Amino acid sequence: MQIETYMDALVSYAMNTGLAMPEDHMVLQNRLLEILGKNEYVESHEAQTENLEEILKGILDYACAHGLCEDNITARDLFDTKVMGLLTPMPREVIRTFREKFAVSPEAATDYYYKLSCDSDYIRRYRIAKDMRWKYASDYGQLDITINLSKPEKDPKAIAAAKNAPQSSYPKCQLCVENEGYAGRMNHPARQNHRIVPITVAGEQWCMQYSPYVYYNEHCIVFNKKHTPMKIDRSAFEKLLDFVGTFPHYFVGSNADLPIVGGSILSHEHFQGGHYTFAMETAPVDQELKFAGFDDIQAGIVKWPMSVIRLDGKDPVRIAELADRILTAWRGYSDPECTIFAQTDGEPHNTITPIARRRGELFELDLVLRNNLTTQEHPLGVFHPHADKHHIKKENIGLIEVMGLAVLPSRLKGELTDLAAAIVSGADIRADQVLSKHAVWVDQLKQKYTFTPENALDIILQETGKVFSEVLEDAGVYKNTAQGREGFHRFVAAVNAK
């Protein structure tokens, strides 16, 4: 198929999605000629595809064949992002339209902005569709289990190229505003099709964008315009509550501000939100709590594998005030009976993962108590996935997992399928270099189930969900036991004693 066929298809795609208008046709055509190193356009009469992935593949194959792009996943991503950047409206247009839509309703504004982020291929919908997703009915509600495949794994050539690429401190991180329109390099993603919307959060200049990997519906990132470190304090609670006051159809939460229990980018203050109902939100309050001087705030311990205090009230200022009192008490609180130490050798361990949302007219704030203590027995963290679960989940438990959505490593897509087949065939799993890590788990499952070719994979997927539920229990500072509940109430008493 001649390259003009793919060029025409891409211009038609831009028109059909609203990225461009008919008046833009000739400019887009000539821009594509320029980027493809062509001096003339030869009209094509071949049938066009409407599938964006196929269109971009055709353009990329041409670029690689003509020496315009190296043929590896990273270089191809850099090139097709450059192509899509030609179609993406300038920031002034995006911001103007967002504000016009916001005047109608916050939801109309985010609907427009999310669609734009998908249509511009900043969010690669065809990759998101490859993710594995299923539900697990836990004792705490319907947990979301995902194996994220939308973030491409680099091939050896791309890894070598990234290693040899010149180092740069621009942009400072992948959240900074300087990413908007940036061409990228082998060790930093291209962002020519990326558009940021400026917003005000608690009187400060912040920005909003969507995550290109979309772990859940309308997965947005809200970040400080300045490159400033993550910090959980009263102002963080105020910002979260202010955001859901502005965008009441979204939740928003923050990763904690300490290693192990925090996010992957602690150097830039940011939150994550979106239009999705997690299992934590639907989990009920198991035990009501009273905090002295805050009779106007409903409070309680949530029935959840991690240790969560829920606050509800009409006044976000009062909720932030109580949340700050709880945080202040937690920062300095130790309970050796529950292996909770506020600090060891001067290193602080206690922090909070907060999540804000609206519940009707009320503001709601969930405070998840976190502790990043490590010991010889648990060198990666006492309140971290324990070693017996590392075959499924070894990575930190961040905000998204805290709320009940497992983001499992991509290796598991093949491993779980192969494991089911190995069980059915009676293969020696311990002799398999890749699958042997699952051997003890499989021994336990064989005592519980009779595996058949029809049910093996379903059992493995459901039991993977069970492991994630247990991982969350590992991460809970107060266990759902009599001792754990007593410890939780000791902490609440300590807050009231302040």
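Residues numbered from 1 in each chain as written. Predicted model: local features only at pLDDT ≥ 70, side-chain atom pairs only at ≥ 80, totals over all residues. Heavy atoms only, no water.

**Observations regarding the overall build of the protein chain**
Defined as follows: Secondary structure elements follow DSSP: runs of H or I of four or more residues count as helices, runs of E of two or more count as strands, with numbering from the N terminus. Computation of the radius of gyration draws on C-alpha atoms, with the globule rule given as 2.2 Å multiplied by the number of residues to the power 0.38. Here, residues are in contact when the closest pair of their heavy atoms is within 4.5 Å. Each accessible area value is a Shrake-Rupley result obtained with a 1.4 Å probe; residue values ignore everything except the protein chains displayed when judging cover. Lys and Arg are tallied as positive, Asp and Glu as negative. Neither His nor the chain termini are counted. Every charge is mapped onto a representative atom, which is NZ of Lys, CZ of Arg, CG of Asp or CD of Glu.
When its secondary structure is counted, the protein chain shows 16 helices and 15 strands. Taken over C-alpha atoms, the radius of gyration comes to 25 Å for the protein chain, in line with the 23 Å a tight globule of 498 residues would show. With the C-alpha coordinates aligned to their principal axes, the bounding extent of the protein chain is approximately 80 × 60 × 40 Å. Partitioning the intrachain contacts of the protein chain with sequence separation of at least 6 by distance along the chain shows that 63% fall at a separation of at least 24. Carbon and sulfur atoms provide 51% of the accessible area of the protein chain, an area that totals close to 22300 Å². Of note, the protein chain has its 54 positive side-chain charges centred 3 Å away from the centre of its 68 negative side-chain charges.

**Re the nonpolar core**
Just so we agree on the cut-off: Only buried Ala, Val, Leu, Ile, Met, Phe, Trp, Tyr and Cys residues count toward a nonpolar core, and they belong to the same one when joined by side-chain atoms within 4.5 Å. Buried means the residue's accessible area, taken with a 1.4 Å probe over protein chains only, is under 20% of the maximum for its type, while exposed means over 50%, and partly exposed covers the values in between.
Membership of the largest hydrophobic core comes to 97 residues, with the highest contact counts inside it found for Leu-10, Val-222, Phe-291, Leu-311, Ile-326, Tyr-478 and Phe-491. Ignoring any residue separated from it by four or fewer positions in sequence, one finds Leu-10 in contact with Leu-32, Leu-52, Ile-55, Ile-59, Val-83, Met-84 and Leu-87.

**Comments concerning the packing of aromatic side chains**
Stated precisely, the cut-off is as follows: Each Phe, Tyr or Trp ring (for Trp, its six-membered ring) is paired with any other whose centre lies within 6.5 Å, and the angle between the two planes then decides the class: stacked below 30 degrees, edge-to-face above 60, tilted in between. For a lysine, the NZ atom is tested; for an arginine, the CZ atom; a charge sits over a ring if that atom is within 6 Å of the ring centre and within 35 degrees of the ring normal.
Overall, the coordinates contain 20 aromatic pairs when judged by the stated rule. Ring centres of Phe-98 and Tyr-113 lie 5.9 Å apart, and the angle between their planes is 80°; this geometry places the pair in the edge-to-face category. With a gap of 15 residues between them, Phe-98 in helix α5 (residues 91-104) and Tyr-113 in helix α6 (residues 106-119) connect regions that are remote in the sequence. Note on Phe-98: relative accessible area 4%, which makes it buried. Here Tyr-113 falls in the buried class, since its relative accessible area comes to 0%. On the basis of an interplanar angle of 75° and a centroid distance of 5.0 Å, the ring pair of Tyr-114 and Tyr-210 is categorised as edge-to-face. Of this pair, Tyr-114 sits in helix α6 while Tyr-210 is found in strand β4 (residues 204-210), placing the two residues 96 residues apart along the sequence. In this structure an aromatic cluster arises from ring pairing among Phe-98, Phe-102, Tyr-113, Tyr-114, Tyr-210, Phe-243 and Phe-247. Against the face of Phe-363 rests Arg-358, its NZ or CZ located 4.0 Å from the ring centre.

**Comments concerning the sheet that holds strand β2 (residues 141-147)**
The condition that has to hold: If DSSP finds at least two bridges between two strands, the strands pair. Axis geometry follows a simple rule: fit a line to the C-alpha atoms, using only the stretch in contact for helices, then measure angles between N-to-C directions, giving values from 0 to 180 degrees.
Taken together, the three strands give an open sheet; going across it, the order is β1-β2-β15, and neighbouring strands pair in mixed fashion. Every interior strand has two partners, whereas the edge strands, β1 (132-138) and β15 (405-408), have only one. Strand-to-strand twist across the sheet, computed as the mean angle between neighbouring axes with direction ignored, equals 20°. Against the sheet, helix α13 (residues 411-425) makes contact with β1, β2 and β15, and its axis sits at roughly 105° relative to β2, the strand it touches most. Here helix α15 (residues 456-475) sits on the sheet and contacts β1, β2 and β15; the angle it forms with β1, its principal contact strand, is near 65°.

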